[in-house]
Each structure stands twice: as C-alpha cells, then as structure tokens.
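# Secondary and tertiary structure notes
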Amino acid sequence: MRPVNIAVAGAGVIGRAHMAVIAKNPQCRLSAIADPSEAAQALAQEHGVPCYATLEALLAKALPNGVILATPNALHVPQALQCIAAGVPVLVEKPIAHTVADAQKLVYATQTRSAKVLIGHHRAHSPIMRQAKAVIDEGRLGRLVSVMGSAMFYKPDDYFTQAPWRREVGGGPILINLIHEIHNLRMLCGEIVEVQAMTSNAVRGFAVEDTASITFRFASGVLASFMVSDTSASARSWEQTSQENKAYAGYDDEDCYVIAGTVGSLAVPTMRLKTYATPEDRSWFKPYQRSTVALQREDPLRLQMDHFIRVIQGEVEPLVSAHDGLQNLLVVEAIAQAAASQQTVRFSER
C-alpha cells in the first residue's frame, strides 16, 4: 500500500513534532508544508518537500490525502473549513477553536458534510488513559465518587518572551494546558455539568491567570477538584509524570490524578490501585489490597498518527470528534465565566 500523503500547516513546535512522527511512520509521508516564515522554507528543504505561504495555495497545488493544522488557534476553524471544502481529512490541533462560536461553525460543517475531522487531544490515544478507563469500566473502583487532579509545573521566562501572546487573555494555562485535562476527565468520568473556579495572576502579574483552582460536577454526581498553575515548582503534571514526552523531566513517584470510588482508588499515571477485598471490608480501619496496573507506555502522538491514517482511509471514525473539541472548549469558557463572576456555572444543554 502506498504511503498516505500528509501536509502540515504550521512549522512551530507542535508542527515540527508532527513532522518528526510522520518521518518515522512507514504508512505516511510528509508531502508539503504551509507556513510563511523563512524557518519553514528551511525546514521544507530539510525534508525535501515544497513549502507554501498559505494553506490555500497548498490545497490548490499539492492536494494531500490529509492535513494537520498546527497553526495559531484563531486560524483553526477557517483553515479546517478550507480542508473540508477541498474534501481533505484534517487533524486540528487543540483547542478546536479560539472561540465557542467558531467551534460551533466547524461542528456544523463537519456534521452536514460528513467530513473527517480529528481534534488533536492526543492524550486520548495514551495507553495510560486506556488502562485507567478500563479499570473504571470494569467496576474495580466501584461507583465513582471523586477525583483530585493537578497540572502544576513551572514555565521558564523565555516561554513568554518567545511568544508574548501567552501573557494575554487566552494564553494562560487554562486554555493552553487545562483543556487537555478536561478531555481526560470527560473520558474517565463522563460529561461535566457544573463548574466553579477561582484564578490568580499574583506571581507573574500578566493579564492572564498563572494559577487556577476549579471544581467540577459531572452528570453522574462525581465531584472533581483540580489545581492548575504554570508558576508552581511541582512535578504533579501529566507531562512530568506520564513519561510520554522525553522533553520533560520525568518523575515516576508522582501522580497527577487520584480517582476514587466506593470500592477503591486509582492513582494515575503510576497506576497504583488500592481496593477492598470485599464490600464488608470497607472501613478506614481495614487495610486495602494494593497492586499496580500493568501497562506499556507508548508515544500518544505516534498512536494518534496511526489513528489519523485510519480515519483518512475510512476505516474508523475520529476518536476525538469536532463535537468533543467543542465540549472541551465549552468547559473552558465556563471556567472563565465562573472565575469572573464567582458564581457556579451550570450547563443547561450539552
């Protein structure tokens, strides 16, 4: 079978990460790059592919089998709509859109055109998430009750000087980082129906938050408390605990989630499981049976690429749909509303 031709729009950090994954996958090949920068031209020469200043020009001259959009958030929807109009499957990096209104446009276009649109919440493809969900679905924790989660890490100063937009509203850890966690929580616990939030910019003093404390209520009744901060010298984040991205320092003794039910609890990603042997043993005076859930760690970006190829070939439906991307963005918007109003935000429709 001939390799699938995949073009990448956007030659920034995540665009280059996708190109590296493509280069290692025999099922696909990088066919073109769309980016107006000089750095993109050099990158295209390095890969031996053409470089176009715009996605429109690429689609007109070198129609690929699929496109990965790794461009700024505000361009996601207009560019995804270009791909849909051209009949080309597209992987849209998270977040799905800059605004909920734009995301709704893309969901509508995806549904009415039966378009192949995959949203790049790559952790959905993680073996860690797959195993955690299996433990829950098998009933090993009993009925879910609560989740404690964190995304705490320290971003260096040059992270903000290299991209000043990260200092402004829309560039903080809620939209950049927490949106990943929201999708994870929805995978594990179902739909979120209420949000409370408090934010602070006391450390960095930027226009956008550097720390936030959020409480979620799920349709099932599960409650979750979550702390996110990009100015906390802590290892309790997915990046630093999952060991999936070797660019980050890894800590195999830390967890970023603890999921508890009426029978037991699971710490993620160490996968340490504590359960009672029988219902009659459920007491804080009684010891737990302790074990570790086995798993094989793999790069979720690579697994996401394998999945995208199958989406292109019509073998599977997108694991993370445009509708999923919209739901995640709706929760982010609700967090902003809750923090600004100091009121609980409830979802009347999902």
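All of these numbers come straight from a predicted model, not from anything done at the bench. For every chain, the first residue of the written sequence is number 1, and numbering continues from 1 along that sequence. With pLDDT at 70 or above as the cut-off, local features in this predicted model cover only qualifying residues; side-chain atom pairs require 80 or more to be listed or tallied, and sums for whole chains, interfaces and linings still use all residues. In computing side-chain properties, one takes all heavy atoms of the structure into account and sets aside hydrogens as well as water.

### Here we look at the pairing of strand S6 (residues 117-120)
For clarity, the threshold we go by: Burial classes follow relative accessibility: with a 1.4 Å probe on protein chains only, a residue under 20% of its type's maximum area counts as buried, one over 50% as exposed, and anything between as partly exposed. Numbered from the N terminus, helices here are DSSP runs of H or I no shorter than four residues, and strands are runs of E no shorter than two. When DSSP locates at least two bridges between a pair of strands, those strands are taken to pair. Look down the strands so they point away from you; if the path from the first strand over the helix to the second goes clockwise, the crossover is right-handed.
Of the two faces of S6, the one holding Val117 and Ile119 and the one holding Leu118 and Gly120 are both buried throughout. Pairing between strand S5 (residues 90-93) and S6: four bridges, direction parallel. Each bridged residue has a counterpart across the sheet, and for Val90 the counterpart in S6 is Val117. In terms of handedness, the path from S5 via helix H5 (residues 100-113) over to S6 forms a crossover that is right-handed.

### Side note on the nonpolar core
Selection rule: Residues belong to one nonpolar core when they are buried, are Ala, Val, Leu, Ile, Met, Phe, Trp, Tyr or Cys, and are joined through side-chain atoms within 4.5 Å. Contacts were defined at the residue level, with two residues in contact if any of their heavy atoms lie within 4.5 Å.
In this structure, Ile6, Ile33, Val195, Phe216 and Ile335 are the most contacted members of the largest nonpolar core, which totals 102 residues. At ten residues, helix H11 (residues 322-341) tops the list of elements feeding residues into this core. If we skip the residues at most four places from it in the chain, Ile335 touches Ile174, Leu178, Ile182, Val195, Ala197, Ile214 and Phe216.

### With respect to the sheet that holds strand S14 (residues 289-292)
Spatial ordering of the open sheet is given by S14-S13-S12-S11-S7-S10-S9-S8-S15, a layout of nine strands whose pairing is mixed. Only two strands of the sheet have a single neighbouring strand rather than two, namely S14 and strand S15 (345-346). Here four bridges tie strand S12 (residues 264-268) to strand S13 (residues 272-275), and the two strands are oriented antiparallel to one another. From the neighbouring strand, Gly264 faces S13, where its bridge partner is Thr275.

### Things to note about the packing of aromatic side chains
As a reminder, the rule being used: Only centres within 6.5 Å qualify two rings of Phe, Tyr or Trp (six-membered ring in Trp) as a pair; their planes then separate them into stacked at under 30 degrees, edge-to-face at over 60, and tilted for everything else. We call a charge positioned over a ring when the NZ of a Lys or the CZ of an Arg lies within 6 Å of the ring centre and within 35 degrees of the ring normal.
Under the criterion given, the structure shown has six aromatic pairs. The interplanar angle of 75° and the centroid separation of 6.0 Å between the aromatic rings of Trp284 and Phe285 together place this pair among those described as edge-to-face. The exposed category is assigned to Phe285, whose relative accessible area is 72%. These aromatic residues form a ring-pair network of at least three members: Tyr159, Phe160 and Phe206. Taking NZ or CZ as reference, Arg166 lies 3.9 Å from the ring centre of Tyr159, over its face.

### Focus: the sheet that holds S5
In a beta sheet, neighbouring strands pair by backbone hydrogen bonds and run either parallel or antiparallel. Reading across from one edge, S3-S2-S1-S4-S5-S6 is the order of the six strands in this open sheet, with parallel pairing throughout. The strands lining the two open edges of the sheet, one partner per strand, are strand S3 (51-52) and S6. Where strand S2 (residues 28-34) meets S3, two bridges bridge the pair, whose relative direction is parallel. Looking across to S3, one finds that Ile33 is bridged to Cys51.

Function cannot be read off these values alone, since they describe shape.
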